Amino acid sequence: MKKVLLLSIILTSTVAKVMGRIDNSYVYVGRAVNLLKELTAGRRVIVITDENLCECCGELIQQYEHIIIGTGERSKSLESAEQVYCELISRGADRHTMIVGVGGGIVTDITGFVASTYMRGVEFGFVATTLLAQVDAAIGGKNGVNVAGYKNMVGTFCQPKFVVCDVELLKTLPTREFCAGLAEIIKAAIICDPMLFKVLEDGDVEYWVGNPEALEQVVRRAVEIKLDIVTKDEREAGLRRVLNLGHTVAHAIESRPGNYYNHGEAVAFGTVMVARMACSNGLLSGNDLERIVRLFESYGFKVAFSFSAELMEAIGKDKKREKSTLHLIVPTAIGEVKDMAVTLVELEEMFNK
């Protein structure tokens, strides 16, 4: 009860509930079956989804024409995109066709990339079916595919017409995947919301899984944080970089051969690694570092510090690198971060300190 009350205090004043819509944004929180019908009324809809979701979300997907793609990061490729293009052409999809991605981050990334480039751009929307997609991957207008093992090396900035977040769809989500989304919520709290951080400290995985109403409010708050930042800087010229907290390391981990971390796990590891570096360099207090580490560990993340030349080499290939300089987002307090432009040499020295 305490958690739900605190969530209400945080959120009630900022969330507008018109058809589940968050403020005046394109994000809707509620039952997907009903919302999708309302949001696509009068349009021809082609759904892009994966084989697993076609089975578990049949009630939603079978109502529409649909294209099935593969699962896993290997499916997030130019080859997969070309297969979808060919399928759209064979079905006679035109510029008035609405493309809807129903799935997690891989599905939404491919859908957004294909739709924003097919016939130079057709309207698209998402039904996000994982917590990670609901609070991060489906929000913000970044769409892309992987190339040569590197994350999102080819893509577009193009906003969807809508994103539907239905926490009821998370009931069948494996715990590991559910926690991947929690990592992004923790990241958002570290960036700019110490009250949300405290709410997460008071909860645990079992609580959020068993209390969909409370979870829905946390999803709303995380979405609000990202939307507020993205609206001010859609193309990541400045402010939006703060959303990359933990991601410089995370993407390097994910690009390594034999990687076994999912995205949320890599973000948790990367965020803690940067927080420890910040503390070692006098930028973050020991107490805040301890709270950050304890929170990630309480949700089951393994964040033992480990730095290697191999990891540094992968960081050096980050797509956001400008010659030998990276913008590293560093926590300076819970609720505050700093954008530091550092050379790769300086970064390695800071991590090794």
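Scoring rules and cut-offs
- One numbering rule holds for all chains: residues counted from 1, following each sequence as written.
- It should be noted that, the model being predicted, local features are given only for residues of pLDDT at least 70 and side-chain atom pairs only at 80 or more, the latter also being counted only at that level, while totals for whole chains, interfaces and linings use all residues.
- The side-chain values count all of the structure's non-hydrogen atoms but skip hydrogen atoms and water molecules.
- Lining residues are defined by having an atom within 4 Å of a point belonging to a cavity or pocket. Those points lie on a 1 Å grid over the protein atoms alone, cavities being sets where a 1.4 Å probe fits but cannot get out and pockets being open sets with protein on both sides within 12 Å along at least five of seven lines.
- Grid points are joined across faces, edges and corners, and a volume is the space filled by probe spheres set on the points.
- Helix and strand assignments come from DSSP, with helices taken as H or I runs of at least 4 residues and strands as E runs of at least 2, each series counted from the N terminus.
- Classification convention: Asp, Glu, Lys, Arg as charged; Ala, Val, Leu, Ile, Met, Phe, Trp, Tyr, Cys, Pro as nonpolar; all other residues, Gly among them, as polar.
- Between the rings of Phe, Tyr and Trp (Trp by its six-membered ring), a pair exists once the centres lie within 6.5 Å; its type follows the angle of the planes, with under 30 degrees stacked, over 60 edge-to-face, and the other angles tilted.
- Per-residue accessibility, obtained with a 1.4 Å probe over protein chains only, is compared with the maximum for each type, and a residue is labelled buried under 20%, exposed over 50%, and partly exposed between these values.
- For two strands to pair, DSSP has to find at least two bridges joining them.
- Helix axes are fitted to C-alpha atoms over the stretch in contact, other axes to C-alpha atoms as well, and angles between N-to-C directions run from 0 to 180 degrees.
- Contact criterion: two residues are considered in contact whenever any of their non-hydrogen atoms come within 4.5 Å of each other.
- Note that the term roughly parallel is reserved for angles under 35 degrees, roughly antiparallel for angles over 145, roughly perpendicular for angles of 65 to 115, and oblique for everything else.
- Here is the rule for handedness: rotate from the far helix to the near one, and if that takes an anticlockwise turn smaller than a right angle the crossing is left-handed, while a clockwise turn gives right-handed.
- Definition used for salt bridges: Asp or Glu carboxyl oxygen within 4 Å of a side-chain nitrogen of Lys or Arg.

## Regarding the layout of surface pockets
Approximately 230 Å³ is the volume attributed to the second largest pocket. Elements that contribute at least two residues to the lining of the second largest pocket include exactly α2 (32-39) and α4 (58-61). Each residue belonging to the lining of the second largest pocket can be placed in one class, and the counts come to 6 nonpolar, 3 polar and 5 charged.

## A word on the packing of aromatic side chains
Per the counting criterion, the structure on display carries 5 aromatic pairs. Seen from their ring centres, Y207 and W208 are 4.9 Å apart, and the 75° between their planes marks the pair as edge-to-face. This pair shows no difference in class: Y207 is buried, exactly as W208 is. Relative to Y261, the ring of Y260 has its centre 4.8 Å away and its plane inclined at 20°; by these criteria the two rings are stacked.

## Details of the sheet that holds strand β1 (residues 27-29)
Taken in spatial order, the 6 strands make up an open sheet running β1-β8-β5-β4-β2-β3, and their pairing is parallel. Of all the strands in the sheet, just β1 and β3 (65-69) have a single pairing partner and so form its edges. Across the sheet, the mean angle from the axis of one strand to that of its neighbour is 20°, orientation sign disregarded. When β1 meets strand β8 (residues 162-165), the two strands line up parallel, connected through 3 bridges. Residue pairing in the sheet places V29 in a bridge with C165 of β8. Packing against the sheet, helix α6 (residues 105-117) makes contact with β2 (45-50), β3, β4 (98-103) and β5 (124-128), and its axis sits at approximately 165° to β4.

## A short note on empty space enclosed by the protein
By rolling a water-sized probe across the atoms, one finds the places where empty space is left. Tallied over the entire structure, the rule returns 2 cavities of 30 Å³ or more. If you add up the space inside the second largest cavity, you get close to 70 Å³. Looking at the lining of the second largest cavity, the elements that each hand over two or more residues are α7 (131-137), α8 (175-192) and α11 (212-232). Considering only residue class, the lining of the second largest cavity consists of 5 nonpolar, no polar and 4 charged.

## Let's talk about the pairing of strand β7 (residues 150-157)
Sheet topology places strand β6 (residues 142-147) next to β7; 5 bridges connect them, and they run antiparallel. The residue bridging V145 from the neighbouring strand is V154, located in β7. Counted between consecutive antiparallel strands, the loop separating β6 from β7 contains 2 residues, among which A148 sits at a positive phi close to 55°.

## Thoughts on the packing of helix α12 (residues 247-255) against helix α13 (residues 263-280)
Direction vectors running N to C along α12 and α13 enclose 130°, while the axes themselves pass 7 Å from each other. Here α12 lies oblique to α13, going by the angle between them. Regarding α12 and α13, the two cross each other, and that crossing is right-handed. Between α12 and α13, the residues in contact are H247, V249, A250, H251, I253 and E254 and H263, A266, V267, F269, G270, M273 and V274, respectively.

## Description of the pattern of salt bridges
Applying the stated criterion across every chain yields a total of 23 salt bridges. One salt bridge in this structure joins E123 and R43, with 2.8 Å as the shortest N-O distance. Placement of E123 in the loop between α6 and β5 and of R43 in the loop between α2 and β2 is noted, with a sequence separation of 80 residues between them. The exposure class assigned to R43 is partly exposed, which follows from its relative accessible area of 30%. A salt bridge links K198 to D202; the shortest N-O distance between them is 2.9 Å. Placement of the pair is K198 and D202 together in helix α9 (residues 194-202), with a separation of 4 residues, close to one helical turn. A single network of salt bridges, built from pairs that share partners, joins R44, E65, E87 and R91.

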